[in-house]
Protein chains: 2
Amino acid sequence: MQTVSENACFGGTQGVHTHASDVCGCDMTFGLFLPEEARIGPVPVLWYLSGLTCTHENAMVKAGAQGWAAEQGIALVFPDTSPRGDGVANDGAFDLGQGAGFYVNATQAPWAPHFRMWDYVATELPALLGAEFPLDMDRQAITGHSMGGHGALTLAMSLPGRFRSVSAFSPICNPTGGDWGRKQFAAYLGPDESAWEAHDASLLMADRGFDGPMLVDTGTSDQFLDLLRPETLAAAAFARRQQGSVRMQPGYDHSYFFISTFMEDHVAFHAEALWRD
Amino acid sequence: MQTVSENACFGGTQGVHTHASDVCGCDMTFGLFLPEEARIGPVPVLWYLSGLTCTHENAMVKAGAQGWAAEQGIALVFPDTSPRGDGVANDGAFDLGQGAGFYVNATQAPWAPHFRMWDYVATELPALLGAEFPLDMDRQAITGHSMGGHGALTLAMSLPGRFRSVSAFSPICNPTGGDWGRKQFAAYLGPDESAWEAHDASLLMADRGFDGPMLVDTGTSDQFLDLLRPETLAAAAFARRQQGSVRMQPGYDHSYFFISTFMEDHVAFHAEALWRD
């Protein structure tokens, strides 16, 4: 692992690190914010999974999360959204290939060799973080935006006991039912739609739910509402009496101005779960 | 004037607007955050002047200022750092020409026709803002970063009564004494150094000071300390007993991670002056 940069930030350190990923078969870069408390001992960690076209950097510079994480004494990890590099398959569209890993393990050509973001976020990167940084890996929570909200919700429900709380900003809630999902799942997972179901937050919510609190915010002026399908997640969550809140925020769109507005809420929500005994 | 974009943000609106500038002889773009209170009546306004290479956008997306401005009920204006466009002179270096207006009125070729950022920020843009938006132009304050900190300090001291408070993040404090200043003043203002003095915050501080409170933050790990010369401003300010604080922040560098860390302090500092009767 190599440290690319470190900047003092809200009393802690915003780092960027790169490492050779066995899972993805390429170098992967991530951001890690460590609060001041990490100098004394391990701190809880909140994952932030980004959306289409993003790298590790977007949320790190635009979401305004570090100040609230510093206040709560928790770390933030910002993974990239896909494998990258000259030897990695890509596509001309913004919503397929590099920058659009969709947090699945691809089984189809040409994606299968590198596009294994599920294993990367679920297994390889947590092991690296736990080994290299003062993080309490028994205290993890997860959030994300759009495609990253899809990733956060599906990981949280599929790995019971891993995350104490889950939240999302304008997540893709029902990818098997919309064009942000069907296109990518067909490419990465193949035409058999039964293989897609494990990666659909609304189907997972109907099937099993999440064993902790959930917070989901979406803007009423989100330009992608028809692709996000928040109504499917809300219906499934309320049908099973999932604990948590699903909110429509009046006037907000899909941008980081929306995310930063509600970041304080989300970090405080996770901190409550992360610091519980 | 045309509105380029509007995003809901912390209960208010982050807008981007463009207009034909008579002063600069080109179209100019600026960001304007209006807090929720602006729907009811005029609100105070805090100017944020950006540094080298920046446009109106950098601070708008990375400084984390809107949340604090919303809390205080004040507007934020983010001007561009220079005239722009195909017909506008430029230079291959990042620190001269477009993106590096240095908040002066150029008198030398090829810069004189368009590079009039002093008049733009001091006269033309305030008139436009006061006419077009619900802003209380009797309640203005100003801040900035690096080259923008230089701009904020020199404008505040040169326009007594205009700004109730001034602050800066890692400002260029003594441009007549360092390479961030001498190069640009020679290009824009010519070889007669007496013309430079009106644009040097440390010389203005020695000569007249600021008729209100001042807050200046610089990081001890700033990679440009030798160019910023904060010691010259501190010496001049303390010699004349200028009210305010000049702080060195341990471990912080020149980045937006530094700016965002101390933004709450700066906005609260200005709000106190802006809301005073």
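Residues numbered from 1 in each chain as written. Chains lettered and ligands numbered in written order. Predicted model: local features only at pLDDT ≥ 70, side-chain atom pairs only at ≥ 80, totals over all residues. Heavy atoms only, no water.

An unreviewed UniProt entry annotates chain A as S-formylglutathione hydrolase of Roseovarius ramblicola. Note on chain A: under the UniProt heading Sequence similarities (unreviewed entry), the record states "Belongs to the esterase D family." Looking at the Function (unreviewed entry) heading of the UniProt record, one finds this comment for chain A: "Serine hydrolase involved in the detoxification of formaldehyde." (UniProt positions renumbered as here; feature names shortened; annotations may be inferred.)

Colleague: What is the right way to look at the interface of chain B and chain A in this model?
Modeller: In many reports, interface size means the accessible area that the parts give up when they come together. At the interface, 20 residues of chain B touch 20 residues of chain A. Taking both partners together, chain B and chain A bury about 1,600 Å²; carbon and sulfur atoms supply 63% of that area. By the criterion of area lost to chain A, the three top residues of chain B are Ala8, Phe10 and Phe257 of chain B, representing 39% of everything that side buries. Our enumeration of links across chain B and chain A arrives at zero salt bridges. Taken together, the connections running from chain B to chain A amount to eight residue pairs in polar contact (both at pLDDT 80 or more). Within the residue set of the side of chain B that touches chain A, elements represented by two or more residues are β1 (2–9), α1 (57–62), α2 (66–72) and α9 (256–274) of chain B. Split into classes, the residues belonging to the side of chain B that touches chain A amount to nine nonpolar, eight polar and three charged. (Contact = heavy atoms within 4.5 Å. Buried area = accessible area lost by both parts, 1.4 Å probe. Salt bridge = Lys/Arg side-chain N within 4 Å of Asp/Glu carboxyl O. Polar contact = N/O pair within 3.5 Å; in protein donor to acceptor, adjacent residues only side chain to side chain. Helix = DSSP H or I, 4+ residues; strand = E, 2+ residues; numbered from the N terminus. Nonpolar A, V, L, I, M, F, W, Y, C, P; charged D, E, K, R; others polar.)

Colleague: I tried to follow the nonpolar core on my own but got confused; where do I start?
Modeller: The nonpolar side chains of soluble globular proteins are, as a tendency, buried together. Core analysis: the largest hydrophobic core is formed by 63 residues, its most contacted members being Phe30, Trp47, Leu135, Ile142, Leu153, Leu155 and Tyr188 of chain A. Sort the elements by how many residues they give to this core and helix α3 (residues 117–132) of chain A lands first, with eight residues. Not counting the four nearest positions on each side in its chain, Leu155 of chain A is found in contact with Leu49, Trp118, Val121, Ala122, Ile142 and Phe163 of chain A. Among the nonpolar cores identified, the runner-up in size contains 62 residues, and Met28, Phe30, Trp47 and Met147 of chain B belong to it. (Core = buried A, V, L, I, M, F, W, Y, C linked by side-chain atoms within 4.5 Å. Buried < 20%, exposed > 50% of the residue type's maximum accessible area, 1.4 Å probe, protein only.)

Colleague: Looking at this model, I keep getting lost on the packing of aromatic side chains. Mind explaining?
Modeller: Note on aromatic pairs: each is described by the distance of the centres and the angle between the planes. According to the stated counting rule, one finds 25 aromatic pairs over all chains in the structure shown. Within the aromatic cluster, the residues linked to one another by ring pairs are Phe169, Tyr252, Phe258 and Phe262 of chain A. (Phe/Tyr/Trp six-rings, centres within 6.5 Å; stacked < 30°, edge-to-face > 60°.)

Colleague: I'm lost on the packing of helix α3 (residues 117–132) of chain B against helix α4 (residues 147–158) of chain B in this one. Help?
Modeller: Axis angle and axis distance: for two packed helices, these are the angle between their axes and the distance between the axes, and together they describe the pair. Residue and element names in this part refer to chain B. It is the contact of α3 with α4, at a shortest axis distance of 12 Å, that shows an interaxial angle of 55°. Considered as vectors, α3 and α4 are oriented oblique to each other. Pair α3 / α4 crosses with right-handed handedness. Where α3 abuts α4, its residues Trp118, Val121 and Ala122 lie against Thr154, Leu155 and Ser158. Partitioning the contact of α3 with α4 into residue classes produces four nonpolar, two polar and no charged. (Axes fitted to C-alpha atoms, helices over the stretch in contact; angles between N-to-C directions. Parallel < 35°, antiparallel > 145°, perpendicular 65-115°, else oblique. Left-handed = near helix turned anticlockwise from the far one by under 90°.)

Colleague: Help me out: how do you make sense of the sheet that holds strand β9 (residues 244–249) of chain B in this one?
Modeller: Sheets are built from strands that pair by backbone hydrogen bonding, the pairs being arranged parallel or antiparallel. If you walk across this open sheet you meet the nine strands as β1-β2-β3-β5-β4-β6-β7-β8-β9 (chain B), and the pairing is mixed. Edge positions in the sheet fall to β1 and β9 of chain B, since each has one partner strand and no second. Each strand of the sheet is rotated relative to its neighbour by a mean of 20°, with strand direction disregarded. Relative to strand β2 (residues 12–21) of chain B, β1 of chain B runs antiparallel, the two sharing seven bridges. Opposite Asn7 of chain B, over in β2 of chain B, you have Gln14 of chain B as the bridge partner. Here helix α9 (residues 256–274) of chain A sits on the sheet in contact with β1 and β2 of chain B, set at roughly 30° to β1 of chain B. Together, β2, β3 (26–34), β4 (43–49), β5 (75–79) and β6 (135–144) of chain B form the strand contacts of α3 of chain B, whose direction differs from that of β2 of chain B by roughly 120°. (Pairing = 2+ DSSP bridges.)

Colleague: Help me understand a negative patch on the surface in this model?
Modeller: A surface patch of like charges, here negative, comprises Glu71 and Glu264 of chain A together with Glu71 and Glu264 of chain B. As for its position among the elements, Glu264 of chain B is in helix α9. (Patch = residues over 30% accessible without salt bridge, like charges linked within 9 Å, V, L, I, M, F, W, Y side chains within 5 Å. Areas by Shrake-Rupley, 256 points an atom, 1.4 Å probe, with all protein chains shown as cover. Lys, Arg positive; Asp, Glu negative; His and termini not counted. Charge placed at Lys NZ, Arg CZ, Asp CG, Glu CD.)

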